[in-house]
Amino acid sequence: MTDSEKIFAEAVNYIPGGVNSPVRAFGSIGSVPRMIKRADGARLYDEDGREYIDFVCSWGPMILGHNHPEIRRAVQEACGRGLSFGAATRAEVEMAKLICESIPSVEMVRMVNSGTEAVMSAIRTARGFTGRDKIVKFAGCYHGHSDGLLVQAGSGALTAGIPDSAGVPEGCTRDTLSALYNDLSSVEELFRKFPEEIACVIVEPVAANMGVVLPEEGFLEGLRSLCDRYGALLVFDEVITGFRLCFGGAQEYFGVEADLAAYGKIIGAGMPVGAYGGRREIMERVAPLGPVYQAGTLSGNPVAMAAGYTQLSILKEHPAYYRELNEKADRFFGAMKEIVREKGASCRVNHIASLGCLFFTGEPVTDYRSAKTSDTKAYAAYCNAMLEAGFYPAPAQFEAMFLSMAHTEEDLEKALERISDII
């Protein structure tokens, strides 16, 4: 038994499933989690001393690579001043200013502690601003584990929300409506049915929790138009895409402005953090200025702010990083597509900027239904083979692959050689 297996065997006695987030479980690939001991650059090292080229990057935030020296130094300096004050600090003001200066649609921002909290708070703010109760989400889009968002589409796009988790009362999802990603007609039909009741439409501008599914041309623009027509707010969940597609996130990348946006992961450089923000008139409804209550004792934690501010500052100061990273990703995922073509494999590769996904299906993947045609057993075999060869892909078919500035061309060539051997 390996050290990872021994640790996991102990973990299941004290932690549900042995993990503190289901995304870390390896059950869907018939394996057990590799217990990671340390990370550096593009590499992870487990408790058994095995080295992996990492294609998860802590689910996105390590865009500069693990253990970046400038970020590490900023965190160490912040720790030297104290871990938490429960009071206002200069660091959170500097962070808020940087975000507001970087995203034109964000005029005010509130720091929170996770992406789940950011989305939950953004939706509450949208409801408070519009005075409406219903929200529209999309089947297959994940927005954290708050009660009102744990909903799947059910038998049709117009079905009112049915809880997708035990412990969530139906009343909590009564006002959550599900539509189909990349299908504007399903959204328009909901607006026609509830023309004055929908507070907001929330969407991952690039769906990255059913694998990676790109918005079709006109989809995001169409959502913007529908929200404007019916007086609803458009909320972008940029927990993954924010500061990842480009410095301005999906709003800059696609040229579509949201009314509110939620951020996480990357703005903390790996530290637990989130944020939501938008137009001043909307954010001024948030307490203590307005009646929309939201609070967090540890929000704006000085250590997390130091890490995030340093990473965002590096990215802002080096705009060429995005060009270099995205070009590297284009070559990598393009080569992967070529391997699939040459092998005649029943696979599809979706990618945008520095995130992508290898789907084990021969069908184009454009929404939740087509993503679900993937052969998860085939993905499990692929994933385990990659792990054995020293690569760390997402341990589930419906998650994204992430590249970082730390990945070298040699790293990516090795990965492509192994992928070619497997599929």
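A quick note: this is a predicted structure, and the numbers were derived from the prediction, not measured. (Residues numbered from 1 in each chain as written. Predicted model: local features only at pLDDT ≥ 70, side-chain atom pairs only at ≥ 80, totals over all residues. Heavy atoms only, no water.)

## Regarding the packing of aromatic side chains
Item 1. Overall, the coordinates contain 15 aromatic pairs when judged by the stated rule.
Item 2. Put simply, the rings of Phe-243, Phe-247, Tyr-263 and Tyr-322 pair up and form one aromatic cluster.
Item 3. A cation sits over an aromatic face here: Arg-38 above Tyr-45, 3.9 Å from the ring centre.
Item 4. The ring centre of Phe-194 lies 4.9 Å from the NZ or CZ of Lys-134, which sits over that ring. (Phe/Tyr/Trp six-rings, centres within 6.5 Å; stacked < 30°, edge-to-face > 60°. Lys NZ or Arg CZ within 6 Å of the ring centre and 35° of its normal.)

## Some remarks on the sheet that holds strand 13 (residues 348-352)
Item 1. Strand order in this open sheet of three strands is 13-14-16, and the pairing throughout is antiparallel. Looking along the sheet, the strands with just one partner apiece sit at the ends: strand 13 and strand 16 (401-402).
Item 2. When strand 14 (residues 355-359) meets strand 16, the two strands line up antiparallel, connected through two bridges. If you follow Leu-355 over to strand 16, its bridge partner there is Phe-402.
Item 3. The strands touched by helix 11 (residues 320-343) are strand 13, strand 14 and strand 16; relative to strand 13, the strand with the most contacts, the crossing angle is about 170°. (Pairing = 2+ DSSP bridges. Helix = DSSP H or I, 4+ residues; strand = E, 2+ residues; numbered from the N terminus. Contact = heavy atoms within 4.5 Å. Axes fitted to C-alpha atoms, helices over the stretch in contact; angles between N-to-C directions.)

## What to know about the nonpolar core
Item 1. Residues Phe-138, Ile-267 and Phe-332 are the most contacted members of the largest nonpolar core, which totals 110 residues.
Item 2. The contact partners of Phe-138, leaving out residues within four places of it in the chain, are Ala-179, Leu-180, Tyr-181, Val-187, Val-201, Ile-202, Val-203, Phe-219 and Leu-223.
Item 3. Counting residues in hydrophobic clusters, the runner-up holds 18 residues, among them Ile-123, Ala-126, Ile-282 and Met-283. (Core = buried A, V, L, I, M, F, W, Y, C linked by side-chain atoms within 4.5 Å. Buried < 20%, exposed > 50% of the residue type's maximum accessible area, 1.4 Å probe, protein only.)

## Looking at the sheet that holds strand 9 (residues 198-203)
Two pairing modes exist for strands in a sheet, parallel and antiparallel, and in both the strands are linked by backbone hydrogen bonds.
Item 1. The strand order 4-12-11-10-9-5-8 describes an open sheet built from seven strands, whose pairing is mixed. Edge strands, defined here as strands with exactly one partner in the open sheet, are strand 4 (108-112) and strand 8 (176-179). Pairwise comparison of adjacent strand axes, ignoring direction, gives a mean angle of 20° for this sheet.
Item 2. Inspection of the sheet shows strand 9 paired to strand 10 (residues 233-237) by four bridges, in the parallel sense. Each bridged residue has a counterpart across the sheet, and for Val-203 the counterpart in strand 10 is Phe-236.

## What to know about the pairing of strand 12 (residues 274-278)
Item 1. Burial analysis of strand 12 places five of its five residues in the buried class, which makes it a mostly covered element.
Item 2. Covered by surrounding structure in strand 12 are Gly-274, Tyr-276 and Gly-278 together with Ala-275 and Gly-277, the residues of both alternating faces.
Item 3. Pairing of strand 4 with strand 12, which is carried by five bridges, proceeds in the antiparallel orientation. Note that in strand 12 the partner of Val-109 across the bridge is Gly-277.

## Observations concerning helix 6 (residues 184-193)
Item 1. Of all the positions in helix 6, only Ser-186, Val-187, Leu-190 and Phe-191 are classed as buried. Within helix 6, the buried residues cover an arc of 140° as seen down the axis, which keeps them to one side. For helix 6, exposure combined with an orientation more than 90 degrees from the buried face picks out Arg-192 and Lys-193.
Item 2. Its buried side turned inward, helix 6 meets strand 5 (134-138), strand 8, strand 9 and helix 7 (219-230). (Arc of directions from axis to C-beta.)

## Overview of the environment of Glu-204
Item 1. Positionally, Glu-204 belongs in the loop between strand 9 and helix 7.
Item 2. Here Glu-204 falls in the buried class, since its relative accessible area comes to 3%.
Item 3. Put simply, Glu-204 and Leu-220 are 16 residues apart on the chain and 9.9 Å apart in space, counted from C-alpha to C-alpha.
Item 4. Those residues within four positions of Glu-204 in sequence are excluded, and the remaining contacts are Gly-140, Cys-141, Tyr-142, His-143, Tyr-181, Asn-209 and Asp-237.
Item 5. Looking at Glu-204, its side chain comes within polar contact range of the main-chain nitrogen of Tyr-142, at 3.2 Å. (Polar contact = N/O pair within 3.5 Å; in protein donor to acceptor, adjacent residues only side chain to side chain.)

## Thoughts on the packing of helix 3 (residues 90-102) against helix 10 (residues 302-317)
Helix packing for two helices is described by the angle between their axes and how far apart those axes are.
Item 1. One way to put it is that helix 3 packs onto helix 10 with a least axis distance of 9 Å and a crossing angle of 35°. Helix-helix and strand crossings are classified by hand; for helix 3 and helix 10 the assignment is left-handed. For the pair helix 3 and helix 10, the contacting residues are Ala-91, Glu-92, Glu-94, Met-95, Leu-98, Ile-99, Glu-101 and Ser-102 in the first and Met-305, Gly-308, Tyr-309, Leu-312, Ser-313 and Lys-316 in the second.
Item 2. For the contact of helix 3 with helix 10, the per-class residue count stands at seven nonpolar, three polar and four charged. (Left-handed = near helix turned anticlockwise from the far one by under 90°. Nonpolar A, V, L, I, M, F, W, Y, C, P; charged D, E, K, R; others polar.)

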